[in-house]
Amino acid sequence: MEQFFEPAKTLPVYGSYDTVVVGGGFAGVSAALAAARGGNKVLLCERMFMLGGLGTAGLVTIYLPLCDGMGHQLSYGIAEELLKLSIQRGYEAEYPQAWLEGGSLEERAAERYRVRYNAAACAILYEKALLKAGVELLYGTTVCDTCVCDGQITHLIIENKSGRSAVKVGNVIDCSGDADVCKQAGEDTAVFGQGNILASWYYFCDESGYQLKLLGFCDNPDAEKTEAEKLADRGKRRYVGLDAKELTEMVVDSHDNLLRHYLGQENLSPTHMIATIASIPQIRMTRRICGPTTMDKSDDHRSFADSVGMFGNWKNKFRGEAYELPYSCLYGKKIKNLATAGRSISVTDTMWDVTRVIPVCAVSGEAVGTAAALGQNFAEVDIATLQATLRKNGVKLHLEEVL
């Protein structure tokens, strides 16, 4: 590739913050709320102009289960707070009546603690919650680079409509979904080997109302596929999601797939129309951090001394699976004041499909946001103090507390 040398220049400092959260998806919202409630001065940078990430701008509007599928709630704290907030002004579908209206264990076991929310309402309600907590928002902002000194990020280089500037940081929480800041800072990362299938979820209107079409559902890990499923996969394009040209091609492919599917039914009319399409690529798993602990599906029902929350497997065929989330899979081994949450935590490829979803994003976000308020160096945060603070805020940490 031809190269061009960009001359060095002096950048203005936008501000100084105890914690900067990069990415305003469910993980970023949770992390920013927890850090601000812990007393930190918090800036949240989001490249889009709405919160929620894939769960709003990407139209994946299903708040997946906070339970194990057997009637036991696993995820608490901000994870449950955000679920309830997302439907504060009404829900679209899958209202979990047994969970929200005092159902019995048997009634809760019959339905998952999940709900489908409206993307626009959810994004605005989350925005109001962050502002109420004192979080400063900066939309339309991309983190271009990091300045690292002695294993610690001192500044983030950001770019937006105002141009380039630097942000002085105490610590950073990477909720970009792609471990972008981790990569920029030189932290060890790994790329999802399987790649992502094409997804083209969209909303449409017809005689029956406003509906969500799940066109191109999530893929299963290769290890869980039958031979017939593996055979059917051959020849299908996979998207890594870490290259601008490839992401553009994916979006174009998604649009083409969506339009062909929609118009394959009937032409546009006043009673049949495309209502909303995603404004970001519907990509699930890309790049993650390599932490001191790497979770795997074999950790089902395993107890971790440094657990900072719990979650289940959102897939109904794996009802009963229950996991504790170890704090040591939320930060790396090189950059002291950097942690991550959401779909880029330290897990194996097979486990990635379990941990990339909203409940785990919220649980991990609250954990690192709380840790950020306890100290700049994430690896040196006192686990007992962190766990006590999370418990005080309503989080349950160990399976023995709920099963």
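See the structure shown above.
In this text the structure is predicted, and so the values were computed from the model without any measurement. (Residues numbered from 1 in each chain as written. Predicted model: local features only at pLDDT ≥ 70, side-chain atom pairs only at ≥ 80, totals over all residues. Heavy atoms only, no water.)

Caption draft 1: Quick peek at helix α2 (residues 78–86). A large share of α2 lies buried, amounting to seven of its nine residues. Among the residues of α2, those classed as buried are I78, A79, E80, L82, L83, L85 and S86. Looking at the buried positions of α2, the neighbouring elements they touch are α1 (26–37), β3 (62–63), β4 (115–116), α5 (119–133) and α10 (358–372). (Buried < 20%, exposed > 50% of the residue type's maximum accessible area, 1.4 Å probe, protein only. Helix = DSSP H or I, 4+ residues; strand = E, 2+ residues; numbered from the N terminus. Contact = heavy atoms within 4.5 Å.)

Caption draft 2: Layout of the nonpolar core. One finds Y63, Y126, L130, M295, L325, Y327 and L330 to be the most contacted residues of the largest nonpolar core, which totals 81 residues. Counting 20 residues, the second largest nonpolar core, distinct from the first, contains L43, V181, I289 and L338. (Core = buried A, V, L, I, M, F, W, Y, C linked by side-chain atoms within 4.5 Å.)

Caption draft 3: Molecular detail of the sheet that holds strand β10 (residues 202–206). With antiparallel pairing, the three strands of this open sheet are ordered in space as β11-β10-β12. Across the chains shown, the open sheet's two edge strands, defined by having one partner strand only, are β11 (209–213) and β12 (273–277). On average, each strand axis in the sheet is inclined to that of its neighbour by 30°, with strand direction left out of account. In the sheet, β10 pairs with β11 via five bridges, with the strands oriented antiparallel. By the bridge assignment, Y202 is partnered in β11 with K213. Contacting β10, β11 and β12, helix α8 (residues 244–263) runs over the sheet at an angle of about 155° to β12. (Pairing = 2+ DSSP bridges. Axes fitted to C-alpha atoms, helices over the stretch in contact; angles between N-to-C directions.)

Caption draft 4: Seen up close, unusual backbone geometry. Although it is not a glycine, E94 adopts a positive phi angle of roughly 60°. As for its placement among the helices and strands, E94 is situated in the loop between α2 and α3 (97–100). Backbone geometry places A179, a non-glycine residue, at a positive phi of 55°. Mapped onto the elements of the fold, A179 is located in the loop between β8 (163–174) and α6 (180–185).

Caption draft 5: Examining empty space enclosed by the protein more closely. Scanning the entire structure with this criterion turns up two cavities of 30 Å³ or more. In terms of lining residues, the largest cavity is bounded by 18 residues, among which N196, I197, D219, R284 and M285 are the most central. Within the lining of the largest cavity, the residues separate by chemical class into seven nonpolar, six polar and five charged. The computed volume of the second largest cavity comes to approximately 40 Å³. Around the second largest cavity, the lining residues are P221, E224, N313, W314, K315, F318, T350, D353 and V354. Partitioning the lining of the second largest cavity into residue classes produces four nonpolar, two polar and three charged. (1 Å grid on protein atoms, 1.4 Å probe; cavity = no way out; pocket = protein on both sides within 12 Å on 5 of 7 lines; lining within 4 Å. Points joined across faces, edges and corners; volume = space filled by probe spheres on them. Nonpolar A, V, L, I, M, F, W, Y, C, P; charged D, E, K, R; others polar.)

Caption draft 6: Quick peek at the layout of surface pockets. Its volume calculated, the second largest pocket comes out at about 200 Å³. A34, R37, G38, G77, I78, E81, E366, T370, A373, L374, T389 and N393 together form the lining of the second largest pocket. Taken together, the residues of the lining of the second largest pocket break down into four nonpolar, five polar and three charged.

Caption draft 7: Summary view of the packing of aromatic side chains. One pass over the structure, following the stated rule, counts twelve aromatic pairs. Both rings, one in Y202 and one in Y262, keep their centres 6.2 Å apart while their planes meet at 80°; by these two values the pair is edge-to-face. Taken together, the positions of Y202 in strand β10 and Y262 in helix α8 put the pair 60 residues apart, joining distant regions of the chain. Neither residue differs from the other here; Y202 and Y262 are each classed as buried. One residue, R108, lies across the ring of W99, its end atom 5.3 Å from the ring centre. Its end group placed over the ring of W352, R288 keeps NZ or CZ at 5.9 Å from the ring centre. (Phe/Tyr/Trp six-rings, centres within 6.5 Å; stacked < 30°, edge-to-face > 60°. Lys NZ or Arg CZ within 6 Å of the ring centre and 35° of its normal.)

Caption draft 8: Geometry of the pairing of strand β6 (residues 142–149). Pairing between β6 and strand β7 (residues 152–160): seven bridges, direction antiparallel. Note that in β7 the partner of T142 across the bridge is E159. A loop of two residues connects β6 with β7, the two strands running antiparallel in sequence, and D150 in this loop sits at a positive phi of about 55°.

Caption draft 9: Highlighting the packing of α10 against helix α11 (residues 383–392). Two numbers describe how α10 lies on α11: the axes approach to 10 Å, and their chain directions differ by 120°. As far as their axial angle goes, α11 and α10 are oblique. The way α10 lies across α11 gives a crossing that is right-handed. Between α10 and α11, the residues in contact are E366, A367, T370 and A371 and L386, T389 and L390, respectively. A class-by-class count of the residues in the contact of α10 with α11 yields four nonpolar, two polar and one charged. (Parallel < 35°, antiparallel > 145°, perpendicular 65-115°, else oblique. Left-handed = near helix turned anticlockwise from the far one by under 90°.)

Caption draft 10: Layout of the environment of R391. Note on placement: R391 falls in helix α11. R391 sits 154 residues away from R237 along the chain, and the two C-alpha atoms are 45 Å apart. Once residues within four sequence positions are removed from consideration, R391 is found in contact with L397, H398 and E401.

Caption draft 11: Local environment of the pattern of salt bridges. Following the criterion strictly, the structure yields 19 salt bridges and no others. One salt bridge in this structure joins K334 and D188, with 2.8 Å as the shortest N-O distance. Of the two residues, K334 sits in the loop between β15 (322–326) and β16 (338–340) while D188 sits in the loop between α6 and β9 (189–191), which places them 146 residues apart along the sequence. Owing to a relative accessible area of 45%, K334 belongs among the partly exposed residues under this scheme. In this structure, D299 and R302 form a salt bridge, with 3.0 Å as the shortest nitrogen-oxygen distance. (Salt bridge = Lys/Arg side-chain N within 4 Å of Asp/Glu carboxyl O.)

Take it as geometry only, folks, not as evidence of what the structure does.
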